[in-house]
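Summary of structural features
Residue-level listing of the chains:
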Amino acid sequence: MTTHQRLSRTDFRRVPANAPARVRVCVRLRPGVGTGQGQDAPCVRGVDSHSLEILNWRNEMETMKYHFDAFYDDTSTQHDVYMGSVKPVLRYLLEGQNASILAYGPTGAGKTHTMLGSPDQPGVIPRAVRDVLQMTRDASGDEWKYSVSMSYLEIYQEKVLDLLEPSSHDLPIREDQKHQILVPGLTQREITSFSDFESHFLPASCNRTVASTQLNQRSSRSHAVLLVWVSQTQGWPPYARRAAKLCLIDLAGSEDNRRTGNKGLRLKESGAINTSLFVLSKVVDALNQGLPRVPYRDSKLTRLLQDSLGGSAHSLIIANIAPEKRYYFDTLTSLNFAAKSKKVINKPFTQETLPDVASKRPSASSSDAGPEAKRPCPEEEQQPLVEEKPLSSLLPLENLEPALAERLLRLEALEKQQAGSGSRVVPILNTPRRERLGLLKQLEETRRELMSLKEKQLEIEAKVLQDKECAPAPRVPAKSARPRKQAVVLPFQQVLTPEKSQEEDGIIVISRKKGGRKRKTASPSAENEAPLEWEVAVRPDLLARSKENILALLNTGSVKALMGLHQIGKKKAQLIVDWRCHHGSFKKVEDLEKVEGVSAKQAASFLKVNILSSIGNLE
């Protein structure tokens, strides 16, 4: 591998997984609370390890059946849930792929118990962190070295708050150039053992916002997200690096404020929780329907879970439900959300980072010598630079622009000068093959564009020449003995329409205004306007003839004949005939305004329209 083929900067690549991964969904039924009668009676019953039934609220004699990846009844333990659904997902972290565990359900359904547990029955979070640390220790060796770190945050009233370093500062959520979701400014602590994890996690858990409601003594008022980062570094070339992320999310439960009795701040918190969960449901619907826009940005929660739903993570949703009838509609809503979530397809991939090879290569003399004492690698000593042909020999210089061709030749002359001085500088024009092919492709496209423009220009010139040949020759009067004047092309602003005498054929006469000051053009934008010192008028002889014809029709025409004029209806024609009977003939056309019912403005408009029409008939 030559020098210019090595990686000069960090190179990122994605190694796809074997196949797209569907979001896995399991349902956990909380043990019943109460007497078991009336509203405390159960409405959910497990069928097998994958299915359950719930009463149909329209007809209690019927049941609705749901099928999931796993179903854990009220007798299942924390160990059963973890070993059956959670632990199989953790193995992807060692492959450099993301994973996500999400607890969903109404308030009081046991989400926090499932994720955190108790000292006697630890939940998903402590078990998962303990196993991740153990797996990284077992997998560490000469080939890969592992490191684990953690971050802990909560989303409270659409604000992202750091629980490891509590403050009122709202952290932003960003997406990097590799489409990875990150939170700038979020505290990250490295952990090497489970005791390190407890020393950071237990104090941070006390910072999470909780409150008491009528349904739950310790109700979570925010969504808690624990991020566990697993970094891998290869021990030998190419010294690849992998970074996997494990998201452990304990969502706040949806609440019915009519039953929780929330007021004031609790009511505001409940509104923010329900809104974010509603956006989460909209995201799942958009992914299942294949809509072009998925509303991840409508909520901080969905923005943070963009990797987990429809993204690059192996995701597991643990839907917690309550068996009592008083929670029937909350349970039904959770089951419907879980049923549509299992249709979401994620696309996991392994993201590897390949650092600069030269920076990782060990040097025997690096401890006691400077950068100039480093010896080149054996590949550089054994494989000399391949001499390539000049770029000008590969390109047709005659088809390039003169400036571009001259610049190309200057670069080649500079290259030869460097080669003659004996410096080991990579030739300027000996670019790698991929860049050279891209340059050739760009030049070929430019050449095709130039050829197409030339063809269009030739077509236009041929068409103009053909139109000139087909155009009839201008008629020249026989009596004209004056010599033909040579045509002079003037700028468009200075072209003036020549005056025509009244004897020439035509209707309109363009003449120069008499008197008055000549106005100059104010700006270049007025170049298409007619010169202000010229005026347009109708030939006087045609104007007089048209007025005579209209006057004769007004004096002798019947009602039907008068209706043939413009702007003359039956009523006005009758008025003209009556006025003619009482006052005699019209002396001039302008006397039409004397007729009762015809205003001066109507008479002027009548004259303008009918005179132009009459002139057209005369021509």
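Further up the page is the structure itself.
I will try to describe carefully the structure that is included in this document. Because the structure is a prediction, the values reported are computed rather than measured. (Residues numbered from 1 in each chain as written. Predicted model: local features only at pLDDT ≥ 70, side-chain atom pairs only at ≥ 80, totals over all residues. Heavy atoms only, no water.)

To continue, consider the side chain of Asp250. Here Asp250 shows up in strand β17 (residues 241-250). Note on Asp250: relative accessible area 2%, which makes it buried. (Helix = DSSP H or I, 4+ residues; strand = E, 2+ residues; numbered from the N terminus. Buried < 20%, exposed > 50% of the residue type's maximum accessible area, 1.4 Å probe, protein only.)

Turning next to the packing of aromatic side chains. Here the structure, examined in full by the defined rule, presents eight aromatic pairs. A centroid spacing of 5.6 Å and a plane angle of 40° characterise the contact between Phe194 and Phe197, whose relative ring orientation is tilted. Pair noted here: Phe194 and Phe197 are both in helix α4 (residues 194-206), with a separation of three residues, about one helical turn. On the basis of an interplanar angle of 15° and a centroid distance of 5.0 Å, the ring pair of Phe197 and Phe201 is categorised as stacked. On the criterion of helical spacing, the pair formed by Phe197 and Phe201 is a turn pair, its members being four residues apart in helix α4. No difference in accessibility class separates Phe197 from Phe201, as the two residues are buried. By the ring-pair criterion, three or more aromatic residues cluster together here, those being Tyr152, Phe194, Phe197 and Phe201. A cation over an aromatic ring shows up here: Arg91 above the ring of Tyr92, its NZ or CZ 4.2 Å from the ring centre. The ring centre of Phe68 lies 5.4 Å from the NZ or CZ of Lys342, which sits over that ring. (Phe/Tyr/Trp six-rings, centres within 6.5 Å; stacked < 30°, edge-to-face > 60°. Lys NZ or Arg CZ within 6 Å of the ring centre and 35° of its normal.)

It is worth spelling out the layout of surface pockets at this point. Looking at the largest pocket, its volume works out to about 980 Å³. When residues of the lining of the largest pocket are traced back to their parent elements, those giving at least two are α2 (111-115), α3 (124-139), α4 and β15 (219-220). In terms of residue count, α4 provides more of the lining of the largest pocket than any other element does, seven residues in total. Its residues placed into classes, the lining of the largest pocket shows 17 nonpolar, 14 polar and ten charged. (1 Å grid on protein atoms, 1.4 Å probe; cavity = no way out; pocket = protein on both sides within 12 Å on 5 of 7 lines; lining within 4 Å. Points joined across faces, edges and corners; volume = space filled by probe spheres on them. Nonpolar A, V, L, I, M, F, W, Y, C, P; charged D, E, K, R; others polar.)

So, on to empty space enclosed by the protein. Enumeration according to the criterion identifies three cavities of 30 Å³ or more in this entry. Among the elements that take part in the lining of the largest cavity, helix α6 (residues 265-289) stands out by supplying four residues, more than any other. For the lining of the largest cavity, the per-class residue count stands at three nonpolar, four polar and three charged.

A few words on the packing of α6 against helix α8 (residues 328-341). For any two helices packed against each other, the geometry is given by the interaxial angle and the distance between the axes. Axis separation between α6 and α8 bottoms out at 10 Å; the angle between their running directions is 35°. Between α6 and α8 lies a crossing whose hand is left-handed. Counting all contacts with α6, which are made through Leu280, Ser281, Val284, Asp285 and Asn288, the residues of α8 involved are Phe337, Lys340 and Ser341. When grouped by side-chain class, the residues that make up the contact of α6 with α8 number three nonpolar, three polar and two charged. (Axes fitted to C-alpha atoms, helices over the stretch in contact; angles between N-to-C directions. Left-handed = near helix turned anticlockwise from the far one by under 90°. Contact = heavy atoms within 4.5 Å.)

Below, the discussion takes up the sheet that holds strand β4 (residues 44-46). With antiparallel pairing, three strands are arranged side by side in an open sheet as β4-β5-β6. This sheet does not close on itself; its edge strands, each paired only once, are β4 and β6 (59-67). If you compare each strand with its neighbour and ignore which way they point, the axes differ by 25° on average. Examined bridge by bridge, β4 and strand β5 (residues 51-56) share three bridges and lie antiparallel to one another. Of the residues in β5, the one forming a bridge with Gly46 is Leu52. (Pairing = 2+ DSSP bridges.)

Attention now goes to the pairing of strand β10 (residues 159-162). Strand direction decides the pairing type here: strand β9 (residues 144-156) and β10, joined by four bridges, are antiparallel. Counterpart to Ile155 in the pairing with β10 is Val160. Following β9, the chain reverses through two residues before pairing antiparallel with β10; Gln157 in that reversal takes a positive phi of roughly 55°.

Below, the discussion takes up α8. An α-helix turns once every 3.6 residues. As a result, residues three or four positions apart point the same way. The terminal C-alpha atoms of α8, which comprises 14 residues, lie 20 Å apart, in line with the 20 Å expected from a rise of 1.5 Å per residue. For α8, the buried fraction is high: ten of the 14 residues fall into the buried class. (Expected span 1.5 Å × (residues − 1).)

Counting 45 residues, the largest nonpolar core has Phe68 and Leu153 as its most contacted members. Residue contributions to this core peak at six residues, all from α8. Val89, Ile125, Ala240 and Leu246 belong to the second-largest nonpolar core, a separate cluster that totals 42 residues. (Core = buried A, V, L, I, M, F, W, Y, C linked by side-chain atoms within 4.5 Å.)

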